[in-house]
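# Understanding the architecture of this molecule
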Amino acid sequence: MTAPGTRIDVSVVIAAYNAMPYFTRCAESVLAQSIGPGRMEMIVVDDGSTDGTGPEADRLAAARPELVRVFHQANSGGPASPRNAGIGHARGRYLYFLDADDRLGPQALERLVALADEQRSDVVLGKIVGENGRGAPSSMFTGDQPVADLYTSRVYWTLAAAKLYRRELVQRHGLRFDETMATGEDQPFTAMAYLRARRISVLASYDCVYVLRRDDGGNTTNLVKAAAPRVRILTRMMPLVGRHTTPGPGRDHLMHRHVSVELPRALMLIERERDREAQLKMLSELTDLVRDWHTEALAGKLRAIVRLQYELLRAGDGERLLTVLEYAAAQRRRTPKPPGLASPLMPSEATVERGRVHAGYPFFRDTEADVPDSVFDITGEIPRGATITEVRLNGVATRLKGPAEELRWRGGPTAPGRAGAPEITGTTWAPGRGLALRITGRAPDAPDGAMILVQATDRSGDRRAVRARPEGADRAFSVTLPLDGGDWTLHTRREDAGRISEAPVPGRPGLGPVRRLRGFRPWYGRVLADGGGLRVRVGPVRLRHGVRRRVPW
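An account of the accompanying structure is given in this report. Nothing here was measured: the structure is a model prediction, and the numbers come from that model. (Residues numbered from 1 in each chain as written. Predicted model: local features only at pLDDT ≥ 70, side-chain atom pairs only at ≥ 80, totals over all residues. Heavy atoms only, no water.)

### Observations regarding the overall build of the protein chain
Each helix and strand in the protein chain was counted, giving 14 helices and 23 strands. When the 553 residues of the protein chain are sorted by exposure, 53% land in the buried category. Summing over all exposed atoms, the protein chain offers an accessible surface of approximately 25,100 Å²; the carbon and sulfur share of this is 51%. (Helix = DSSP H or I, 4+ residues; strand = E, 2+ residues; numbered from the N terminus. Buried < 20%, exposed > 50% of the residue type's maximum accessible area, 1.4 Å probe, protein only. Areas by Shrake-Rupley, 256 points an atom, 1.4 Å probe, with all protein chains shown as cover.)

Spelled out as structure tokens, the structure:
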């Protein structure tokens, strides 16, 4: 137990369920915090684990009784109940909620508490970093913000629980996690903390928390694949924002987060439902919701494909909306998955008139659907400064010719084939610091204008690509492809006169594991699979494991 009279600055609450072996790493990151054991406590609430998480928590508590307290409860089905229990047991001035498969940077708590005390902040966001291919929000971490305005900044775009909260704020307003929600249970809690906070701060200059994509797929958000829980997030959050804000730009700013992020996710999952009656019922529920909180200013903030879905939803036109959702699903299957839901969906057809570009999504200028052209306007989605002299659709380039007042393109993405793909002759780890693959090959029939790419794609859709430039009589090439942490699938791509040829990079039996220093930290690269195409994993070496296995350097 903490010594009497010692002030506990921060209580780290860990809701743990079947989190081994990740929980050990998570707990060790807390125990190693630079803030020191006298100023913090770690509260672990084991939510009925069956994999050894509970005994591991008990072991840590026995070894560090002054720092660690463990509570066991029957499984509740989600992190809300154990987090709420942790709030009840906490004694610190601040609360920090850490998932059992994530970890803290060594100085995270010390820096977060210092900023909160300096600015008298009620909520402090610390920079989030993704690991093992997991994405992390970044738009709110472009720089430190001692005072962040909720209604103009991007802080509302992260509603996950992993933040520092003043416990007095939580207790004064009775803030608790919603135990009725299968996913998104942290959104009402975090949103209300933002709305009630006297001051919000952002610490972007230090990597505070590392969020992990588990190899077993056990992250809570990954387990929820049904549409209904996503619809529930919207029906819970949009009225919450509406009740606690006044009409105007500030409310629209917060609503935009839900309509641009949660709504497309919910609609995508509704399209996958096989029960048509269930689909239409959920769409009807969302129709009532968007009608209740619609403003033209809010709708005007949306990307064209989302705006079209929003307008059909608002009109109660479920059948046409499902047609659009099926179109969007087909486009996603036909093209490589873009990194993140915010990436625009490239139309297969568009019209340019009087300086405006309109996407040829379903029901464009359909007299029966009667959707205004403004809904299809993608002019603002074209990068600023770009000139429309060429349109590239998933690598298929079509030059626009004709009068500038009215130009039209057709063709869209086509399914790539393997014919004509470059031949790979060798794959090795490139020498030197860092981790990169050196790939050699030939493209004997590729003309000078062909685009030859060697690409690596990780599980989140993130891509690395380098252009190969065949030379000589045999059209040989050699490229070096640097890789960051993640699981990467290698393939080649040739684009030539509107045709695409793709093929996996074949595995190489001699491509063994490799170790490199990146900065002062050791990293490794190894082959995951070479049947059907080469896949490699790159990541930092955990030194404890490296020593145990006598990793050579």
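### Topic: helix 12 (residues 304-314)
Of all the eleven residues making up helix 12, ten are buried; the element is thus mostly covered by neighbouring parts of the structure. Among the residues making up helix 12, those that are buried are A304, I305, V306, R307, L308, Q309, Y310, E311, L312 and L313. At the C-terminal side of helix 12, G316 shows a positive phi close to 75°.

### Remarks on the sheet that holds strand 15 (residues 436-442)
Across the sheet, three strands lie side by side as 14-15-18; this open sheet has antiparallel pairing. The open sheet terminates on both sides in strands that have one partner only, identified here as strand 14 (423-429) and strand 18 (476-482). When strand polarity is set aside, the average angle formed by the axes of neighbouring strands in this sheet is 20°. Bridging between strand 15 and strand 18 involves seven bridges; their strand directions are antiparallel. Directly across from R438, in strand 18, lies its bridge partner T480. (Pairing = 2+ DSSP bridges. Axes fitted to C-alpha atoms, helices over the stretch in contact; angles between N-to-C directions.)

### Section: a positive patch on the surface
Together, K225, R272, R274, R332 and R333 give the surface a local cluster of positive charge. Tracing the backbone through its elements, the reader meets R274 in the loop between helix 9 (249-272) and helix 10 (276-293). (Patch = residues over 30% accessible without salt bridge, like charges linked within 9 Å, V, L, I, M, F, W, Y side chains within 5 Å. Salt bridge = Lys/Arg side-chain N within 4 Å of Asp/Glu carboxyl O. Lys, Arg positive; Asp, Glu negative; His and termini not counted. Charge placed at Lys NZ, Arg CZ, Asp CG, Glu CD.)

### A closer look at the sheet that holds strand 7 (residues 164-166)
Taking strand neighbours across the sheet as the criterion, the eight strands line up as 3-2-1-4-7-6-8-5 in an open arrangement whose pairing is mixed. Only two strands of the sheet have a single partner each, and these edge strands are strand 3 (68-73) and strand 5 (103-104). Along the sheet, helix 2 (residues 53-63) makes contact with strand 1 (10-16), strand 2 (40-47) and strand 3, crossing strand 3 at roughly 155°. With respect to the sheet, helix 4 (residues 108-119) is in contact with strand 1, strand 2, strand 4 (94-97), strand 5, strand 6 (123-131), strand 7 and strand 8 (200-212), its orientation differing from that of strand 8 by roughly 160°. (Contact = heavy atoms within 4.5 Å.)

### Comments concerning helix 9
With 24 residues, helix 9 should reach 34 Å at 1.5 Å per residue; the first-to-last C-alpha distance of 34 Å fits that figure. Taken as a whole, helix 9 carries its principal kink of about 30° at E262; the proline P264 stands between one and four residues after it. Among the 24 residues that make up helix 9, 20 are buried, leaving the element largely enclosed by the rest of the structure. (Expected span 1.5 Å × (residues − 1). Bend = angle between axes of the 7 residues up to and from the residue.)

### Here we look at the packing of helix 9 against helix 10
Relative orientation of the contacting elements helix 9 and helix 10 amounts to 170°, with a least axis distance of 12 Å. By the criterion of interaxial angle, the relationship of helix 9 to helix 10 is roughly antiparallel. Every residue of helix 10 that contacts helix 9 at R251, M255, L263, L267, I270 and E271 is listed here: Q279, M282, L283, L286 and W293. For the contact of helix 9 with helix 10, the residue count by class is eight nonpolar, one polar and two charged. (Parallel < 35°, antiparallel > 145°, perpendicular 65-115°, else oblique. Nonpolar A, V, L, I, M, F, W, Y, C, P; charged D, E, K, R; others polar.)

### Some points on the packing of aromatic side chains
Inspection of every chain in the model, using the stated rule, returns eight aromatic pairs. Judged by centre distance (5.0 Å) and plane angle (85°), the ring pair of F97 and F177 falls under edge-to-face. Residue F97 is located in strand 4, and its partner F177 is located in the loop between helix 5 (167-172) and helix 6 (186-196); the two are separated by 80 residues in the primary sequence. Exposure remark for F97: the relative accessible area of 1% places this residue in the buried category. Judged by centre distance (5.5 Å) and plane angle (85°), the ring pair of F97 and F189 falls under edge-to-face. Here F97, found in strand 4, pairs with F189, found in helix 6; they are 92 residues apart in sequence, far enough to count as distant. Taking the relative accessible area as the measure of exposure, F189 reaches 1% and is therefore buried. An aromatic cluster of at least three residues, connected via ring pairs, comprises F97, Y165, F177 and F189. Taking NZ or CZ as reference, R103 lies 3.9 Å from the ring centre of Y210, over its face. The ring of W157 has R154 sitting right over it, with the charged end atom 4.2 Å from the ring centre. (Phe/Tyr/Trp six-rings, centres within 6.5 Å; stacked < 30°, edge-to-face > 60°. Lys NZ or Arg CZ within 6 Å of the ring centre and 35° of its normal.)

### Focus on the side chain of D46
Locating D46 in the fold gives a position in strand 2. According to the relative accessible area criterion, D46 is buried, its value standing at 6%. Side-chain polar atoms of D46 contact the side chain of S49, separated by 2.6 Å. Engagement of the side chain of D46 in a polar contact is seen with the side chain of H72, the distance being 3.1 Å. Beyond its immediate stretch of four places on either side in the chain, D46 contacts A16, G54, F71, H72 and Q73. (Polar contact = N/O pair within 3.5 Å; in protein donor to acceptor, adjacent residues only side chain to side chain.)

### Focus: the environment of D373
Among the secondary structure elements, D373 is positioned in the loop between strand 10 (356-359) and strand 11 (390-393). Taking the C-alpha atoms as reference points, D373 and H358, 15 residues apart in sequence, are found 7.2 Å from one another. Residue contacts for D373: discarding those within four places in its chain leaves H358, F364 and R365. Polar side-chain contacts of D373 include one of 2.9 Å to the side chain of R365.

### Quick word on the nonpolar core
The biggest cluster of nonpolar side chains holds 124 residues, and the ones touching the most others in it are F23, Y96 and Y156. Considering every element that reaches this core, the biggest residue donor is helix 9, with nine residues. For Y96, the contacting residues outside a window of four places in its chain are V10, S11, V12, V13, L104, L109, L112, A162, K163, L164 and V209. (Core = buried A, V, L, I, M, F, W, Y, C linked by side-chain atoms within 4.5 Å.)

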